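# Descriptive structure summary
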Amino acid sequence: MALLEPRVVGTPTERLDGHDKVTGAARYAFEHAVPNPTYLHPVLSSIARGKVTAMDAGDAQAVDGVVTILTVFDAPRLSDTSDGELAILQDPEVHFRGQFLGAVVAESPEAARQAADLIRVEYDVRDHDTDFRADRSDFYAPETVNGGFPTDTRSGDVEAALTAAPRTVDQVYSTAMEHNNPMEPHTTIAQWRPGGPGPVLTLHDSTQGVHSVRKTLAPVFGLEPEDIRVIAPHVGGGFGSKGLPHAHNVLVALAAQKVPGRPVKFAVTRQQMFALSAYRAPTLQHIRLGADTDGHLTAVSHEVLTQSARIKEFAEQAAVPSRMMYSSPARYTSHRLVALDLPAPSWMRAPGETPGMFAAEVAMDELAEVCGIDPIELRIRNEPATDPESGHPWSGRRLVDCLREGADRFGWADRDTKAGTRSGSDWSVGYGVAAATYPANTSPGSVARIRYEGDRYRVQIGSVDIGTGTWTALTQIAADALGCPLDAIDLEIGDSDLPSATVAGGSTGISSWGSAVIAAARAFRDTHGTAPHPGAEASAETPGNPDAEKFALHSFGAHFVEAHVHRDTCEIRVDRMLGVFAIGRVVNARTVRSQLIGGMTMGVSMALHEESVGDPRFGHIVNHDLASYHIAAHADIRYLDAVCLEDVDEHANPIGSKGAGEIGIVGAAAAVANAVRSATGIRVRAVPIHLDDLLHD
């Protein structure tokens, strides 16, 4: 494939939308000016399972400013209820605590909330089950896991290889339930047109994909996709939770049907986010490794237990990275689910890879100890020449380069390897390393349109910017593809009226949309040359990539952590953290670094803080706010840096890029846990690491 010739691509260009964001000119979903708006507040179930027998809205109806009230007994009917998460208010059944049972629409958010609190709900309460634990007897094998991967894989005789191996690891690792909490909560404004031309339903939505929202919701409401318009020029974070529409989208659209012509605004509260905006399911992972005395793997077994929901299945693909990460002649991976009376889990930054690589990379650290080999050297010794799963050659792996470059920059060879080494104070110092990987996909289905307007080029594509820098990166790609200055490009994104674009997820956004822009630019030049007339136009779709069937396309990286642990309080501080990544061509060095250090910081959160604590007695999350659901900030790490190798993957796409949004978090928690082991001599196999995990007997 012909690669883009970069001029501004690769440079640390300032965000083109930065000024609008810091001055408040950028409009997020709730802030869009709409005429004569109303405001919605939901009624949520206070039980985890049962049936609503009555809803008394008399007192609520009397509140001044109430426009309309919806309940499970009188809400508009949906045309398609096959998606259990989206099929709300269609019957009185309660499937989880916090489920939508109704809503109040009022002239002000205060009146809506007051009235919603006055609605009295009566239930037929049934026993619920929200307890995820290993000794259950009802785990089952899903047909596939997230991403369409096979549930189980097997090659070679794993049991025989483990029995014969002179060096083994056999441990269980666990990761906690985590909830997405982007700065901008899930927010939608819905307006249902009573008649006339134009879309039937217009949504200003905080989403990772305007076209995916339109495509998903159209059959739910018995509409054609073109009957819905979704607008999202600026989105305040998503991390996967906004990759698909959720029940709040349906609720506000149902409410808008009850007040045709008037916009209905709904911003999910931070507390409601913990029941309504998806989450990362907890995992229990049994990993067994066998190796010879030199540390060469002879067997890898990775078995995953995780949870789903009764209303909708989602299977976290945590064992998938173990299918291709290291060389081994015998390998077994599996996933098993249990369906609980809980909201449905879904995507959260690097689903599958994040929990799976925590367990796998801590296990590799344990194997290095058993073999008496430096953990970097152990990984290098198990470097596969080709993809162990497909047998294809790597399009560009460079994990060894990441490990060696990181070791040099971090001073790995100079570290004191003795556990519990004092730093001249009350703090023990330890060092940890872990590898990272993430698939490098380019999704088909995006279309870009370019129009020449005299002295400028209007570039249109229905992608979104969730804070990652899409406005800037696509403008850079368009300028290079057309051979014009950066300031000659007018980019339009964030609207389903624009040409189709895939979701901003799976670290595929820029690669997919940028490939469409390059294709459109080449079509434009082929048709109109370098001196086009005003009004000249061309469109093109993301081209197919024949190399995707011939090469294994993945990004790789390595994390290095220096952790300090207080010998009396067991407080953990991450003093230094470095990530080195091979992610193909970097489109914008400034925004890519931000993405990587943001992911690394989320990895520290996973290792030390993030845990959604469920109460199985009542079926809800106890710490459902940012006061008690703790997260790390950049200021919690004294030194934090991310470095990208000079790298162009000519097999990935015309840009040569491989995506940076998610690999930053993969492996980061394992590096922290391995550093804590180095500092204390205590091996913790569950995250987040609690202080009492480090108390000595």
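Everything below is about the structure shown above.
All of the points below concern the structure found in this document.

Definitions and limits used
Residues numbered from 1 in each chain as written. Predicted model: local features only at pLDDT ≥ 70, side-chain atom pairs only at ≥ 80, totals over all residues. Heavy atoms only, no water. Salt bridge = Lys/Arg side-chain N within 4 Å of Asp/Glu carboxyl O. Helix = DSSP H or I, 4+ residues; strand = E, 2+ residues; numbered from the N terminus. Buried < 20%, exposed > 50% of the residue type's maximum accessible area, 1.4 Å probe, protein only. Contact = heavy atoms within 4.5 Å. Core = buried A, V, L, I, M, F, W, Y, C linked by side-chain atoms within 4.5 Å. Pairing = 2+ DSSP bridges. Axes fitted to C-alpha atoms, helices over the stretch in contact; angles between N-to-C directions. Polar contact = N/O pair within 3.5 Å; in protein donor to acceptor, adjacent residues only side chain to side chain. Parallel < 35°, antiparallel > 145°, perpendicular 65-115°, else oblique. Left-handed = near helix turned anticlockwise from the far one by under 90°. Nonpolar A, V, L, I, M, F, W, Y, C, P; charged D, E, K, R; others polar. Expected span 1.5 Å × (residues − 1).

### Some points on the pattern of salt bridges
- Counted according to the given criterion, the structure contains 44 salt bridges.
- Here Arg-229 makes a salt bridge to Asp-495, at a shortest N to O gap of 2.5 Å. With Arg-229 in strand 14 (residues 228-231) and Asp-495 in the loop between strand 23 (489-492) and helix 12 (509-528), this residue pair connects regions lying 266 residues apart in the sequence.
- One continuous salt-bridge network, built from bridges that share partners, spans Asp-365, Glu-369, Arg-677 and Arg-683.

### Considering the environment of Tyr-28
- Its place among the elements puts Tyr-28 in the loop between helix 1 (18-23) and strand 1 (38-44).
- With a relative accessible area of 22%, Tyr-28 lands in the partly exposed category.
- Once residues within four sequence positions are removed from consideration, Tyr-28 is found in contact with Lys-21, Glu-184, His-234, Val-235 and Gly-236.

### Observations regarding the nonpolar core
- Core analysis: the largest hydrophobic core is formed by 100 residues, its most contacted members being Leu-89 and Phe-221.
- Residues contacting Leu-89, with those up to four places away along its chain left out, are Leu-70, Thr-71, Val-72, Ala-75, Arg-77, Phe-100, Leu-101, Gly-102, Leu-251 and Leu-254.
- Judged by nonpolar contacts, the second largest core, of 91 residues, contains Cys-371, Ala-435, Ile-597 and Ala-670.

### Section: the sheet that holds strand 3 (residues 66-71)
- Strand order in this open sheet of 7 strands is 3-5-1-15-12-13-14, and the pairing throughout is mixed. If you trace the sheet from one side to the other, it starts and ends with strand 3 and strand 14, each paired once. In this sheet, adjacent strand axes meet at a mean angle of 20 degrees when their direction is disregarded.
- Contacting strand 1, strand 3, strand 5 (100-106), strand 12 (187-192), strand 13 (201-205) and strand 15 (264-267), helix 6 (residues 247-258) crosses the sheet at an angle of about 30 degrees to strand 12.

### A look at the environment of Thr-680
- Structurally, Thr-680 can be placed in helix 14 (residues 668-680).
- For Thr-680, a relative accessible area of 17% gives the class buried.
- In the structure, Thr-680 is positioned 117 residues away from Ala-563 in sequence and 10.0 Å away in space, judged by C-alpha atoms.
- Within the structure, Thr-680 has its side chain in polar contact with the backbone nitrogen of Ile-682 (distance 3.1 Å).

### What about the packing of helix 11 (residues 470-482) against helix 12?
- Where helix 11 contacts helix 12, the axes come no closer than 9 Å and their chain directions differ by 30 degrees. Here helix 12 runs roughly parallel to helix 11, going by the angle between their axes. As helix 11 runs across helix 12, the sense of the crossing is right-handed. Across from Thr-470, Ala-473, Leu-474, Ile-477, Ala-478, Ala-481 and Leu-482 in helix 11, the residues of helix 12 making contact are Ile-510, Trp-513, Gly-514, Val-517, Ile-518, Ala-521, Phe-524 and Arg-525.
- Each residue belonging to the contact of helix 11 with helix 12 can be placed in one class, and the counts come to 12 nonpolar, 2 polar and 1 charged.

### Concerning helix 13 (residues 589-608)
- Compared with the 28 Å implied by 1.5 Å per residue over 20 residues, the 29 Å span of helix 13 between its first and last C-alpha is a close match.
- Most of helix 13 is tucked away, with 16 of its 20 residues classed as buried.
- Of the residues that open helix 13, the one with a side-chain oxygen 2.9 Å from the backbone nitrogen of Arg-590 is Asn-588.

### Things to note about the packing of helix 13 against helix 14
- Running from N to C, helix 13 and helix 14 cross one another at 55 degrees; their axes reach a closest spacing of 7 Å. On the basis of the axis angle, helix 13 is oblique to helix 14. As helix 13 runs across helix 14, the sense of the crossing is right-handed. Facing helix 13, whose interface residues are Met-600, Gly-603, Val-604, Met-606, Ala-607 and Leu-608, helix 14 presents Ala-668, Ala-669 and Val-672.
- In the contact of helix 13 with helix 14, the residues fall into 8 nonpolar, 1 polar and no charged.

### Quick look at the environment of Gly-469
- With respect to the helices, strands and loops of the structure, Gly-469 is situated in the loop between strand 22 (457-460) and helix 11.
- It is 8.3 Å that separates the C-alpha atoms of Gly-469 and Asp-17, two residues lying 452 residues apart in sequence.
- Excluding its chain neighbours within four sequence positions, the residues that come into contact with Gly-469 are Arg-15 and Thr-591.

### Observations concerning the sheet that holds strand 30 (residues 686-687)
- The sheet built from 6 strands is open, its strands ordered 9-19-18-17-10-30 with mixed pairing. Strands at the two margins of the open sheet, each flanked by one partner only, are strand 9 (153-155) and strand 30.
- Across 10 bridges, the pairing between strand 18 (residues 297-309) and strand 19 (residues 331-340) is parallel. The residue bridging Val-304 from the neighbouring strand is His-335, located in strand 19.

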